[in-house]
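# Report on the structure
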Amino acid sequence: MRKRPLRWRLRTGPRRRGTAVASDLSYFIPHHGRPKVSLRIPESFNLYVCPPSCVRRVSIRALRNDTRGAMGFLFLTEADVATGAYEHAVAVAVAEALTTLERPPRAFFIHLNCIDDFLGTDEDALLDELRGRFPGFGFAVVRMNPIAADRGLSTGLRIHDRLYSMLEPTPHRDSAVNLVGTFADIGDDCELFGVMRAWGVREVRQLFSCADFEAYQRLASSRLNVVLAHIGSYAAANMERRLGIPRVDAPVSYDLDEVGQQYRAIGSALGRAGGVVDGTCSQEGRAFEGCQAPGVAADDKAARLLAQAEGAARDAIAHAREVLGDTPVIVDSSAAMRPFALAKALAGYGFSVCAVFALHEKDDDAEERAWVAAQAPGIVVVRGESYEGILDLGLPADAICIGFDCAYLLKARRFVDVQKDEGLFGYQAVRRLMRLMEAALDGDTVWE
C-alpha cells in the first residue's frame, strides 16, 4: 500500500521561529458553536458497521443532538473480519431496528468505514440480500473513507449522491423543481420562489425540507434539478441518468451578471424566457404534467420580479460601498463554496478585498482563482498546506472577515457569519451579504 505523508492537526497559534514542521502541515479550526449533524433523509436509520473506535465522534454527536433513535452501531470483531460473518449480521441488526424502535424506519443507510477497503464487502450482494429479506424498505451503502479521499470522487460527492439513491423512477412528471446540493432551506426572502411561480412551477422542493418518506419520494417526480453547489453535481448526474430528470448548474453566486445568466438558463430549461417555440412549450416544456403554453403575461411577471430583485441588489451594493468605504475585506472558503468567485465579485464592486483564505478550495473555483492571481495580485491567498504564520501575513486587524475560519484565525472583531452559502441564492444572496457586511462594520466579536 502506498505510504501517505503524515498530516498534523494543530490548534491555531503563531508558530515559533525555527521549529521544524511537517512538509504537509495543515490547520484544524474548531467550530464549537456550530452543531454537527449527520446527513439523512426522513424516516431513515443510519447503521454504522465498523470497529468501535471508528465511530466515537458519531456516537458523541448522537448523544449531543439527541438523535439516538436515528442511528445504531454494529461493531466488528476480529472474528467478523476473519470470517466475513458481519455481512449476515447486518440483516440481523436491521431486523432488530424494525422490531425495537418506537417509530420503525422506512429506509436504511449502511455506513462502511475505511476498514472495508481491506474486507472488500460485496455491496451489490449485501443490498440484494437486504432488499429480498425486507421488501418495501429502502437501502443504500455509504462508504466513509478519509484515507482514500484523494482517489476518484470525494466522500462528499458520494454521500450526497447516496441521499438521493433511494428515489424510485416514476412514469409521470409534475411541475415541481428540485434544489440539489444544499444543506439548508433557501430563505423565503429569495426571489427564486416568486419567479418560479410566475413560470408555472407549483412547488420548489428541497431534500432537507421533506417532512416524511413520501415527500422525499416526490422528489423523483420533479421535472428539473437546479444544482446549487458542486457537491450535488454527481447526484444530479445520476438522477438524470436513472430518473430522467434534467439538470441546470447554478452554483450560488454573488456576481450579478452570473446570477442573471443562471436565471436565463433555468427559465430556458422550463420552457420559459427563451424556451418558447412558436408560442407553445418546447419539447422539454411539454414533458411535465399539466403544462400550459408559456404566456407573455407570465414571462413579463417573472421579468419584473427579476428586475426588481436585481435593482434591490444593486442598491444594496451601492449602500454598502458607501458605508464601508475603503475598509479591508477578507473572504474564506468556510463562508462561500467558491471563495475566489466571491472575492472577484466584491473586488469588481469596488470593495477593498485584501485576502482569500482558501483552506477548502475546490476545482469549480479554478477560473476565478486564476483571475485573482492575474488581475488582483495584491490579494493575499492563504492555504492550509503552506501556512507560514498568521502574524507574518500583515493582514489588517480592522478587516471585515467573511467566514468563520479567517475570523477565528485573526480573532477579528468584524465578523460576517455566513456558512457555505447556506440559505442563499440569486440576488437575495447579494442583498443579504451586503447587509451583513454593513452590520459587521460596527461589530465587536469577542473570541475565547
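Residues numbered from 1 in each chain as written. Predicted model: local features only at pLDDT ≥ 70, side-chain atom pairs only at ≥ 80, totals over all residues. Heavy atoms only, no water.

## Focus: the overall build of the protein chain
Looking only at helices and strands, the protein chain has 15 helices and 17 strands in total. Looking at the protein chain as a whole, 48% of its 448 residues are labelled buried. Considering only residue pairs separated by 6 or more positions, the protein chain has 73% of its internal contacts joining residues 24 or more positions apart. Put simply, the protein chain shows about 22200 Å² of open surface, and 52% of that area lies on carbon and sulfur atoms. (Helix = DSSP H or I, 4+ residues; strand = E, 2+ residues; numbered from the N terminus. Buried < 20%, exposed > 50% of the residue type's maximum accessible area, 1.4 Å probe, protein only. Contact = heavy atoms within 4.5 Å. Areas by Shrake-Rupley, 256 points an atom, 1.4 Å probe, with all protein chains shown as cover.)

## Brief notes about the sheet that holds strand S8 (residues 204-206)
Strands sit in the order S8-S7-S9-S10 across an open sheet of 4 strands; the sheet is parallel. Both outer strands of the open sheet, S8 and strand S10 (247-249), are each paired with one neighbouring strand and no more. For this sheet, the mean angle separating the axes of adjacent strands, direction not counted, is 25°. With respect to the sheet, helix H9 (residues 233-243) is in contact with strand S7 (177-180), strand S9 (224-227) and S10, its orientation differing from that of S10 by roughly 160°. (Pairing = 2+ DSSP bridges. Axes fitted to C-alpha atoms, helices over the stretch in contact; angles between N-to-C directions.)

## Some thoughts on the nonpolar core
Across soluble globular proteins, you tend to see nonpolar side chains buried next to one another. Counting residues in each nonpolar core, the largest one holds 63 residues, and the members touching the most others are Tyr254, Ile266, Leu346, Ile402, Phe425, Met434 and Met437. When we break this core down by domain, the ones giving at least three residues each are domain 2 (177-273 + 293-305) and domain 3 (324-442). Residues contacting Tyr254, with those up to four places away along its chain left out, are Ala336, Leu342, Ala345, Tyr349, Asp421, Leu424, Ala429, Val430 and Leu433. Listed in part, the 22 residues of the second largest apolar core include Ile41, Tyr164, Ala215 and Leu243. (Core = buried A, V, L, I, M, F, W, Y, C linked by side-chain atoms within 4.5 Å. Domains from an automatic or database assignment.)

## Regarding the pattern of salt bridges
What the rule picks out here adds up to 12 salt bridges. The salt bridge partner of Asp174 is Arg205, with a shortest N-O separation of 2.8 Å. Here Arg205 lies in strand S8 and Asp174 lies in the loop between helix H6 (155-163) and S7, a separation of 31 residues in the sequence. Across this residue pair, the class does not change: Asp174 and Arg205 are buried. A salt bridge links Arg247 to Asp249; its shortest N-O distance comes to 2.7 Å. On the basis of relative accessibility, which here comes to 27%, the residue Arg247 falls in the partly exposed class. Through salt bridges that share partners, Glu123, Arg143, Asp161 and Arg162 make up one connected network. (Salt bridge = Lys/Arg side-chain N within 4 Å of Asp/Glu carboxyl O.)

## Re the sheet that holds strand S6 (residues 138-143)
The 4 strands are arranged S4-S3-S5-S6 in an open sheet whose pairing can be described as parallel. Every other strand in the sheet has two partners, leaving strand S4 (71-75) and S6 as the edge strands with one partner each. Strand-to-strand twist of the sheet, defined as the mean angle between neighbouring strand axes without regard to direction, takes the value 20°. Taken together, the 6 bridges between strand S3 (residues 44-50) and strand S5 (residues 107-112) define a ladder with parallel strand orientation. Across the sheet, residue Asn46 finds its bridge partner in S5, namely Phe109. Those strands touched by helix H3 (residues 86-100) are S3, S4, S5 and S6, and its axis lies near 150° from that of S3.

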